[in-house]
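Spelled out from the first residue to the last, the chains are:
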Amino acid sequence: MKTIYLSLIILILLSFQNLHAQTSENSSVKMSDENLLKKSPEVSEELLNTEIVLTNDEKIKLADYKNDIIVLCFVTEWVISARTITSALGELHTENLKNVRIIAVSPDDTKSELQNFKKFVKDFKIEFQSGWANKKFTNEFFNITKFRGIPQSFVIKDGKLRGIFRGTSPKINESLMNLVRKISAEANR
Amino acid sequence: MQQRKMVCRKFFGGESGGNLKTLKMQRKFLIIDDHDDLSSGLKELFVKLGYSVITIENRDEAVALQEIDDFDVVITDLDNVDRIPEAVQNDDEDDSCLPEVGAHKASEHIRAFKICATGFDRENFDETELKNLFETILNYKAKYVDEVEKIKNLREKIEFEFPSALSLMHSVLNYLTKRVEKLGVIDAEDSHLFIALDEAFVNAVKHGNQFNPEKNVRISVDVSPKEASFTFEDEGEGFDVAKIPDPRDPENLFKASGRGVLIIHNIMDAVQYNERGNRLTMVKKSDKIESI
């Protein structure tokens, strides 16, 4: 799986400015994208029922939380900026918003990568659910955004996409957190 | 008052303080504030939560204070360097929990803000409590004290000292990036500053202090109209930056080691490690000098 993201790493390492230019020309990278949401509002039944194996070996599916607000975030320990979003999600988690379920999923698939991810979860004291799923699960979500980079976050409510956030930054994180707070407030009115 | 109650509810899980109300031991806080916009509000919050809070507002009291090490947390918010005690202006080991301002021009207006938690109880170390404290202080300051302003003859010194705890990262770095933006010095978003700060923070806690809460992390930020300088120091053994593998070398493409340092160099305008390798200073020049 690492090879899939190798081009992204090289871009970050060799030409940070280029990456910035690439992301800036498409403003959707920075904020939740309304057009994407209009195009792909539904999360398929297959994706909702895909098994996610958590770091504590428990198995879950997005469908298990169909009445909740799901924040699905793709992160991995070898992407520095993934820590930034993880840290923000940690803060959101401690707010104990009613019916909000945060799930971090690593797109990695080798044994050593998953061991590293487990260590990352432990080291960073990630208290929300975290684990991994099959390649198809990751690819299908990445196909929605047409962006094969990490981190990416999806806010799902009632099987529908309510927010898509590609990348991370203080403003992106704040937008994500505010969206989740807003949906939670609406749902619990 | 209503707003302060909301802050209390938000960060402690209830108007009366949630689980922090049941603290097993009473923490002692010292707040040194020469303009009373932080101390009175925070004191009200923390006393309600069962903490013991002493506030000091003038130079003589601060200088005379002998037992500063007895406090779990010392918060300093001084608006004018001329009113900062001499002991604070000097690099005095005995007063290490107070801000260090250093040499400055007479024409400069210098502000100093510091949270020092090196006295925080380590025997029964509660990282969640520490994280909530930092979040509360920083959110309160950002919301009720800090203003959006262009700094002309102003220098602002911001310092944090705390036990190694990764969970503090979001609140500390969020505050810093927003503050330099509020001061009109750097666009935190476009500059990717947050990535460099993230890397430096994690390196200090993870690689430097090996997650050991007995060891402290020190972050010092000096913001002027021209630039913002960030120093991260840990209490680890340090490392030789020259020995880090070059991640651009094809042989190292799959090694995670070295990527962070390279990214820091790409984002920042100047990067320097001390000889031991446990202190990193990074400077980001202002991208808005012309508009000031």
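Look a little higher up for the structure.
Residues numbered from 1 in each chain as written. Chains lettered and ligands numbered in written order. Predicted model: local features only at pLDDT ≥ 70, side-chain atom pairs only at ≥ 80, totals over all residues.

1. Some remarks on the pairing of strand 4 (residues 109-116) of chain B
Residues and elements named next belong to chain B.
Moving on, step 1. With 7 of 8 residues buried, strand 4 is to be regarded as a mostly interior element.
Moving on, step 2. With 5 bridges joining them, strand 3 (residues 73-78) and strand 4 adopt antiparallel strand pairing. By the bridge assignment for strand 4, Val 74 is matched with Cys 116.
Moving on, step 3. Bridge analysis of strand 4 against strand 5 (residues 154-163) gives 8 bridges, and the strand direction is parallel. Counted as the bridge partner of Ala 112 is Lys 157 from strand 5. (Buried ≥ 20, exposed ≤ 12 C-beta atoms within 10 Å, placed from the backbone. Helix = DSSP H or I, 4+ residues; strand = E, 2+ residues; numbered from the N terminus. Pairing = 2+ DSSP bridges.)

2. Section: the packing of helix 5 (residues 127-145) of chain B against helix 6 (residues 169-182) of chain B
Residues and elements named next belong to chain B.
Moving on, step 1. It is at 9 Å that the axes of helix 5 and helix 6 come closest, and there the two elements cross at 15°. Considering their axes alone, helix 5 and helix 6 lie roughly parallel with respect to each other. Note on packing geometry: the crossing formed by helix 5 with helix 6 is left-handed. Packed against helix 5, whose contacting residues are Phe 134, Glu 135, Leu 138 and Ala 142, the element helix 6 presents Ser 171, Val 172, Tyr 175 and Lys 178 at the interface.
Moving on, step 2. A class-by-class count of the residues in the contact of helix 5 with helix 6 yields 5 nonpolar, 1 polar and 2 charged. (Axes fitted to C-alpha atoms, helices over the stretch in contact; angles between N-to-C directions. Parallel < 35°, antiparallel > 145°, perpendicular 65-115°, else oblique. Left-handed = near helix turned anticlockwise from the far one by under 90°. Contact = placed C-beta atoms within 7 Å. Nonpolar A, V, L, I, M, F, W, Y, C, P; charged D, E, K, R; others polar.)

3. Overview of the sheet that holds strand 5 (residues 129-132) of chain A
All names here are of chain A.
Moving on, step 1. A sheet is described by the order of its strands in space; here 7 strands give the open sequence 2-1-5-4-3-6-7, paired in mixed fashion. Two strands close off the open sheet at either side, each with one partner strand: strand 2 (59-60) and strand 7 (160-166).
Moving on, step 2. Relative to strand 7, strand 6 (residues 152-157) runs antiparallel, the two sharing 6 bridges. Directly across from Val 155, in strand 7, lies its bridge partner Gly 163.
Moving on, step 3. With respect to the sheet, helix 8 (residues 170-187) is in contact with strand 3 (69-74), strand 4 (100-106), strand 6 and strand 7, its orientation differing from that of strand 7 by roughly 165°.

4. Thoughts on the interface of chain B and chain A
Interface size, as often reported, equals the accessible area lost upon joining of the parts.
Moving on, step 1. The partner chain A presents 23 residues to the 29 residues of chain B that form the contact.
Moving on, step 2. Those elements that provide at least two residues to the side of chain B that touches chain A are helix 6, helix 7 (193-208) and helix 8 (259-267) of chain B.
Moving on, step 3. In terms of residue class, the side of chain B that touches chain A is built from 14 nonpolar, 8 polar and 7 charged.

5. A short note on the sheet that holds strand 1 (residues 28-33) of chain B
Residue and element names in this part refer to chain B.
Moving on, step 1. Within the open sheet, the 9 strands sit side by side as 2-1-3-4-5-6-7-9-8. Their pairing is mixed. Two strands in the sheet have a free side with no partner beyond their single neighbour: strand 2 (52-56) and strand 8 (270-273). Averaged over neighbouring strand pairs, the angle between their axes works out to 10° when direction is ignored.
Moving on, step 2. In this sheet, strand 9 (residues 279-285) lies alongside strand 8 in antiparallel orientation, the contact comprising 4 bridges. Bridge pairing in strand 9 places Tyr 273 opposite Leu 280.

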